[in-house]
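# Structural features, examined
Here are the chains, one letter per residue:
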Amino acid sequence: MRMRSVLATVTAGLAAATCVTAAAQADAHSGKAPGVHACSPAVSITSYSDALDKTTYDGTFVGNLSALAVDRGGRIAALSDRSSLFTLDRETLKPTSVVNLVDEKGAALDSEGLAVDRDGTRLVTSETEPSVRRYERDGTLVGSLPVPDALKVAPAGRATSNLTFEGLTLLPGGHTLLAAMEGSLSGDTAGIVRFQTWDRATRQGDFRLSAQYGYRTDTGLGVSEAQATPDGRLLVLERGFTAGVGNTVRLYLADLRHATDTRRVDTLTGQEGVRLARKTLLADLVNCPSLGARAKQPQPNPLLDNIEGLTITDRAPDGRLRLLLVSDDNQNAVQTTRLYSLSVRLPHTVNG
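Residues numbered from 1 in each chain as written. Predicted model: local features only at pLDDT ≥ 70, side-chain atom pairs only at ≥ 80, totals over all residues. Heavy atoms only, no water.

Moving on, we get to the overall build of the protein chain. In terms of regular secondary structure, the protein chain is built from two helices and 22 strands. Taking all 352 residues of the protein chain together, the buried fraction comes to 57%. Taking all contacts inside the protein chain whose residues are at least 6 apart in sequence as the whole, residues at least 24 apart take part in 56%. For the protein chain, the accessible area works out to roughly 14,500 Å², and carbon and sulfur atoms hold 50% of it. (Helix = DSSP H or I, 4+ residues; strand = E, 2+ residues; numbered from the N terminus. Buried < 20%, exposed > 50% of the residue type's maximum accessible area, 1.4 Å probe, protein only. Contact = heavy atoms within 4.5 Å. Areas by Shrake-Rupley, 256 points an atom, 1.4 Å probe, with all protein chains shown as cover.)

Bringing the pairing of strand β6 (residues 84–88) into the picture now. Of all the five residues making up β6, five are buried; the element is thus mostly covered by neighbouring parts of the structure. Side chains Ser84, Phe86 and Leu88 project from β6 onto one buried face, and the interleaved Leu85 and Thr87 project onto a second face that is buried too. With four bridges connecting them, strand β5 (residues 76–80) and β6 associate as antiparallel partners. The partner of Ile76 across the bridge, within β6, is Leu88. Linking two consecutive strands that pair antiparallel, namely β5 and β6, is a turn of three residues; a positive phi of about 75 degrees is found at Ser83 within it. In this sheet, strand β7 (residues 95–100) lies alongside β6 in antiparallel orientation, the contact comprising five bridges. Each bridged residue has a counterpart across the sheet, and for Thr87 the counterpart in β7 is Ser97. (Pairing = 2+ DSSP bridges.)

Another aspect to go through is the sheet that holds strand β19 (residues 278–284). In space, the four strands of this open sheet follow the order β16-β17-β18-β19, with antiparallel pairing throughout. Pairing within the sheet leaves two strands with one partner each, and these edge strands are β16 (222–228) and β19. Averaged over all neighbouring strand pairs, the angle between strand axes comes to 25 degrees, with direction disregarded. Judged from the six bridges that link them, strand β18 (residues 246–255) and β19 form a sheet pairing that is antiparallel. When the bridges of β19 are listed, Leu251 appears paired with Ala283. (Axes fitted to C-alpha atoms, helices over the stretch in contact; angles between N-to-C directions.)

As a further point, take the pattern of salt bridges. Pairs may arise between side chains of opposite charge once their charged atoms sit close together. Overall, the coordinates contain 27 salt bridges when judged by the stated rule. One salt bridge connects Asp53 with Lys296, and the closest N-O pair in it is separated by 2.6 Å. Here Asp53, found in the loop between β1 (43–49) and β2 (55–57), pairs with Lys296, found in the loop between β19 and β20 (307–315); they are 243 residues apart in sequence, far enough to count as distant. A relative accessible area of 15% places Asp53 in the buried class. Residue classification places Lys296 among the partly exposed residues on the basis of a relative accessible area of 39%. For Asp71, the salt bridge goes to Arg137, with nearest N and O atoms at 2.8 Å. With Asp71 in the loop between β4 (65–70) and β5 and Arg137 in the loop between β10 (131–135) and β11 (141–144), the pair connects residues that are 66 residues apart, well separated along the chain. (Salt bridge = Lys/Arg side-chain N within 4 Å of Asp/Glu carboxyl O.)

The next thing to look at is the sheet that holds β4. Within a sheet, neighbouring strands are paired by backbone hydrogen bonds and run either parallel or antiparallel to one another. Strands sit in the order β4-β5-β6-β7 across an open sheet of four strands; the sheet is antiparallel. Each edge of the open sheet carries a strand with a single partner, namely β4 and β7. Strand-to-strand, the axes of this sheet are offset by a mean angle of 20 degrees, without reference to chain direction.

Looking now at unusual backbone geometry. Of note, the bond from Glu129 into Pro130 is cis; its omega dihedral lies within 30 degrees of zero at 0 degrees. Cis geometry is found at the peptide bond from Ala154 to Pro155, where omega equals 10 degrees. Mapped onto the secondary structure, Pro155 falls in the loop between β11 and β12 (165–170). Positive phi, normally seen in glycine, also occurs at Lys54, with a value near 55 degrees. Turning to its location among the elements, Lys54 is positioned in the loop between β1 and β2. Its identity as a non-glycine residue notwithstanding, Asn162 has a phi of 70 degrees, on the positive side. Among the structural elements, Asn162 can be located in the loop between β11 and β12. We classify Asn162 as partly exposed; its relative accessible area is 43%.

By themselves these figures say nothing about function.
Structure follows, in structure tokens:
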């Protein structure tokens, strides 16, 4: 399906599933364009939905959602970190199928990152080792990708458990795959994380290890998702949580084009001569209008929750990208599985 058609159906489904009537009426009375709710000069939120919160499908809990990807035909693939991979209807965003994923020994995954390859197979990360595995649509495991020793969880490597491959995305053209580490390696300065890439060995082949890059997060935040833009840059979600305060979620645009390949740099300290990815803040989501959302625990904005997944559904006629985001409720009574529809106008350059 062409991207514009995907946008229309996904946006319509999300709008139908949620209730933002009061906000739309308020805009009409204030003279604002209906459905336009600015979070920043670059980002607007158009709607949200809690329709999936604390529901089940075919006996499987619909929650713990950590990643989204646009599948063939415009359907949405939604990955749970409890080894479940859902397909969501592109209009209603309700589940239409679910498969369970396991590793080579039949064990469950801590599945966090998702990309749909051009042949329809699913590339899925697990934070446990970490790993990137390839699955058929029916959940059959068909292979795995190599992972650098340093990125493996200690004692095999220098990564910290539960702070490894949190984001996964294919760059335009499908020739390069990128996985984003959530946290820093032992020996690297806190807040500097690594983005690992793989390139296809041949036009039709699988992936082999390629360049690696450093990225600096804001203090106290980790990377929860990375998504390639049509021009080859990255949308990066940074997220954190403070008890009694709530979540911080910021959306950045990152550019790797002038960053140093760090696969042979043992420690990243911000040292001279090693260029990290440049980034510019698109929006701190605390500044989005709440649209009437309610939080089950303290939040600086009741719209916020533990947002972990992001996919680009389309490009609008005016050039803005349409995004779908999802929060991971951790199967917790005080958290919410929430879908968000945003639009973003990308700046031409990345500043920092």
